[in-house]
Amino acid sequence: MRNREVADLLFKIADGLDLSGENFFKIRAYRKAGNVIKDLPEDIEKIYKDGNLTNIEGVGSGIAKKIEEYLTTGKMTKLEEVTKDVPESLFNLLNIRDLGPRTIHLLHKKLGVNDLQDLKKVIQNGSFSEIEGLGDKKAEKILENIKFYEERTGKDRRFTIGEVMPMVEEILANLKKSKSVKRFSTAGSLRRMKETVGDIDILIETAHSEKAIKEFISFPEIKKVLEAGKTKVSVMLKDIDIQMDIRVLPAESYGAALLYFTGSKDHNVKLRGLAIKKGLKINEYGVFKKEKMVAGKSEKEIYNLLGMDFIPPELRENRGEVELALEGKLPDLIDYNDIKGNLHTHTKYSDGKNSIKELASFAKDFGYSYLGITDHSAQAAYANGLKEDDLKKQIDEIDALNENLKDFRILKGTESDILPDGSLDFKDEILEKLDFVIGAIHSGFKKNVTRRMEKALENPYLTILAHPTGRLISSRVGYEVDLEKVMEKAKEEKKILEINAYYDRLDLNEFNAREANEKGIKLCISTDAHNFDMFKWMNLGVGIARRAWIPSNSVINTYVLADLLNIIKRNG
Ligand code: DGT
Ligand code: CA
Ligand code: CA
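Remember, it's a predicted structure, so these values are computed and weren't measured experimentally. (Residues numbered from 1 in each chain as written. Chains lettered and ligands numbered in written order. Predicted model: local features only at pLDDT ≥ 70, side-chain atom pairs only at ≥ 80, totals over all residues. Heavy atoms only, no water.)

**Student:** Just to check I follow, could you spell out the coordination of the calcium ion (ligand 2) for this structure?
**Tutor:** Ideal values differ by geometry: the angle at a metal is 109.5 degrees with four tetrahedral donors, but 90 or 180 degrees with six octahedral donors. Coordination of the calcium ion (ligand 2) by the protein comes from D199 (OD) and D201 (OD), over a distance range of 2.1 to 2.2 Å. Between the calcium ion (ligand 2) and the calcium ion (ligand 3), a spacing of 3.8 Å is present, and a bridge between the two is formed by D199. (Donors = N, O, S within 2.8 Å, 3.2 Å for Na, K, Ca; no water.)

Take a look at the structure:
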């Protein structure tokens, strides 16, 4: 299907016209047609061949001609005309959040802004703020967004772990099939489950390194080989331009290399210091006493030789884990398969893709024993939030489904907006009928957020506070909120805080989650799934919980149903 491709060209014409300050109605026509074509279930080429282009909503004869020209010649003259006088660097500025084409046009015309450098300059010298309608606040916001943009591009680019995970899993599946590979593992920040990674590190054990390397560089996920040595290969991956380093090892050094290349660097430095005190030298080949190798096959062997317990990769950040491991007092971390249910999910009732029944049957197959349905409330109109009557209907539907379910329970919930005054979006009479209530802020990120959250936490009907900081790793800092105060209130009211496991949120993050747990606040790890596929993010949330030193009994969705119900039961 070439629908997306055609839609993107129409969007580009619209952007180009906007950037040149053209007439508003024409531009809207291109955007509208683009939006319709993007979501068409049928192939645009087939529609064209059947002579039905103008039957598409929003496609008049003018736009139809341009699509025809493109499908038959591979060119769109109009696009070339429009982009002739607009430098590509101006289009690039559209990638900056909250900076629209009209503003860019204004900056271009009035201040001669042509690219990102110019933009930064006019913000810093104050001329940006002086333009009518912009001002200091906007300048500050745009500067913040430029920072996010630069972190997502450029040579120091970092990737969210969720962006790379699906590709990594494909590669690991290939390695699993390979006959010349005996053992393999991720290493580096990926194995430590950091929220972002700079590159992908993989180690393999093989007795036939040449063959293994040859096989590896022919994997379909690989775009380009950067360097192919005898023990190390570096490649770029397709789709996401990320580098992957693979190291090939003999059995006797596998553990030492895994330890070394898993890092973190600070953790390794600490271990090396300890080793020296014991008269040992430790490097990526093994542990040595004088010239003699005394350990190296496995990480456990090395940790034990240094007089300590095995330290899980997620803890290896030199944040006190080495000291505890020496005393045999590492925390008993939550495990990836401790999770018994997902308590933050959306269905077709609001902005999800699946029915309640479909989600429940998927969750059961996934190995869960319960599922919480938490569609949006009316205030979240953009997400097709539920009115009171919809929620009543949903409650009845869930009751009926539960009658026919064995060893599985669907829990009735809502993700209620926390309103500007801190109240929830449904009347008490209906909240009463639910098993639990998630509260969340979806608008007014800078307006009174702390007070609103505190008020919501005081509400006897609220069970869980969702994504407490509102950040998106790739694009926004989140709410203006005093998290310290929110945690104090959550503790006082015995409420639960969410670790939202969606890869761009991971909110609470590892530092906040560790603090919350130390305060004795219970947590809930949820994926905020809007379809089946999004259940896979649960592992990222567990990874964050492990990095936050959290045991399973601090996480409510590791409990069996009866115990969970006891915890979420309304107090008073
Ligand atoms: P990243 O890729 O920026 O997300 O972070 P890492 O931790 O994966 O770092 P990376 O890929 O540069 O190196 C992987 C591991 O290898 C790192 O965690 C520790 C180890 N390592 C790399 N270079 C050095 C070094 O110069 N000294 C020490 N001690 N360890 C290193
Ligand atoms: Ca790395
Ligand atoms: Ca690396």
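**Student:** Would you explain the pairing of strand β4 (residues 200-205) in this entry?
**Tutor:** Each regular strand displays side chains that alternate between the two surfaces of the sheet. Of all six residues in β4, six are buried, a share of seventy percent or more. Going residue by residue along β4, you find I200, I202 and I204 tucked away on one face and D201, L203 and E205 tucked away on the opposite face as well. Judged from the five bridges that link them, strand β2 (residues 183-187) and β4 form a sheet pairing that is antiparallel. Along β4, the bridge assignment pairs R183 with E205. Of the pairings in the sheet, the one linking β4 to strand β7 (residues 243-249) comprises six bridges and is parallel in character. The residue of β7 that forms the bridge with I202 is I246. (Buried < 20%, exposed > 50% of the residue type's maximum accessible area, 1.4 Å probe, protein only. Helix = DSSP H or I, 4+ residues; strand = E, 2+ residues; numbered from the N terminus. Pairing = 2+ DSSP bridges.)

**Student:** How should the pairing of strand β10 (residues 292-295) be read in this particular structure?
**Tutor:** As judged from the three bridges shared by strand β9 (residues 286-289) and β10, these two strands associate in the antiparallel manner. Along β10, the bridge assignment pairs V287 with A295. In sequence, β9 turns back onto β10 through a hairpin of two residues, with K290 there showing a positive phi of about 55 degrees.

**Student:** Whenever I open this one, the sheet that holds strand β8 (residues 281-283) confuses me. Can you help?
**Tutor:** Strands belonging to one sheet form pairs held by backbone hydrogen bonds; the direction of such a pair is parallel or antiparallel. Reading across from one edge, β8-β9-β10 is the order of the three strands in this open sheet, with antiparallel pairing throughout. Sheet topology places β8 and β10 at the edges, where each strand pairs with a single neighbour. Looking at each pair of strands side by side, their axes are set apart by 35 degrees on average, direction ignored. (Axes fitted to C-alpha atoms, helices over the stretch in contact; angles between N-to-C directions.)

**Student:** Teacher, can you tell me more about helix α10 (residues 135-152) here?
**Tutor:** Given 3.6 residues per turn, any residue in an α-helix points the same way as the ones three and four places further on. Between its terminal C-alpha atoms α10 stretches 26 Å, which fits the 26 Å expected from 18 residues at 1.5 Å a residue. Those residues of α10 not exposed but buried are G135, A139, I142, N145, I146, F148 and Y149. Where α10 is buried, its residues contact α6 (88-92), α8 (116-124) and α9 (127-130). Looking one or two residues beyond α10, the residue adopting positive phi is G154, at roughly 70 degrees. (Expected span 1.5 Å × (residues − 1). Contact = heavy atoms within 4.5 Å.)

**Student:** Would you explain the nonpolar core in this entry?
**Tutor:** Proteins that are soluble and globular tend to have nonpolar side chains buried together. Core analysis: the biggest nonpolar cluster contains 90 residues, and V164, I200, L237, M244, L497 and I525 have the highest contact counts within it. Each of domain 2 (158-249) and domain 4 (341-567) contributes no fewer than three residues to this core. For I525, the residues in contact, after removing those within four places along its chain, are I334, I339, I499, A501, M538, G541, V542, A545, V555 and N557. Core analysis: the next-biggest nonpolar cluster, separate from the first, contains 26 residues, L9, I13, I63 and V82 among them. (Core = buried A, V, L, I, M, F, W, Y, C linked by side-chain atoms within 4.5 Å. Domains from an automatic or database assignment.)

**Student:** Even after reading the chapter, I still don't get the coordination of the calcium ion (ligand 3), so can you show me in this structure?
**Tutor:** Listed as protein donors to the calcium ion (ligand 3) are D199 (OD), D199 (OD), D201 (OD) and D245 (OD); their distances from the metal cover 2.3 to 3.2 Å. Sequence positions of the residues that donate to the calcium ion (ligand 3) give the spacing D-x1-D-x43-D.

**Student:** Even after reading the chapter, I still don't get the packing of aromatic side chains, so can you show me in this structure?
**Tutor:** How two aromatic rings sit relative to each other is given by the distance of their centres and the angle of their planes. This model, assessed by the stated rule, comprises 13 aromatic pairs. When the ring of F366 is compared with that of Y368, the centres are 5.1 Å apart and the planes differ by 70 degrees; the resulting orientation is edge-to-face. When the ring of Y503 is compared with that of W537, the centres are 4.8 Å apart and the planes differ by 55 degrees; the resulting orientation is tilted. Taken together, the residues span a long stretch of sequence, with Y503 in the loop between β17 (496-500) and α23 (510-518) and W537 in the loop between β18 (523-526) and α24 (538-547) at a distance of 34 residues. Judged by relative accessible area, W537 falls into the buried class, the value being 7%. Three or more aromatic residues joined by ring pairs make a cluster, and in this case those are F362, F366, Y368, F532 and F535. Geometry around F91 places K12 over its ring, the cationic atom sitting 4.4 Å from the centre. The ring of W549 carries R514 above its face, with NZ or CZ at 3.9 Å from the centroid. (Phe/Tyr/Trp six-rings, centres within 6.5 Å; stacked < 30°, edge-to-face > 60°. Lys NZ or Arg CZ within 6 Å of the ring centre and 35° of its normal.)

By themselves, these observations are geometric and do not establish any function.
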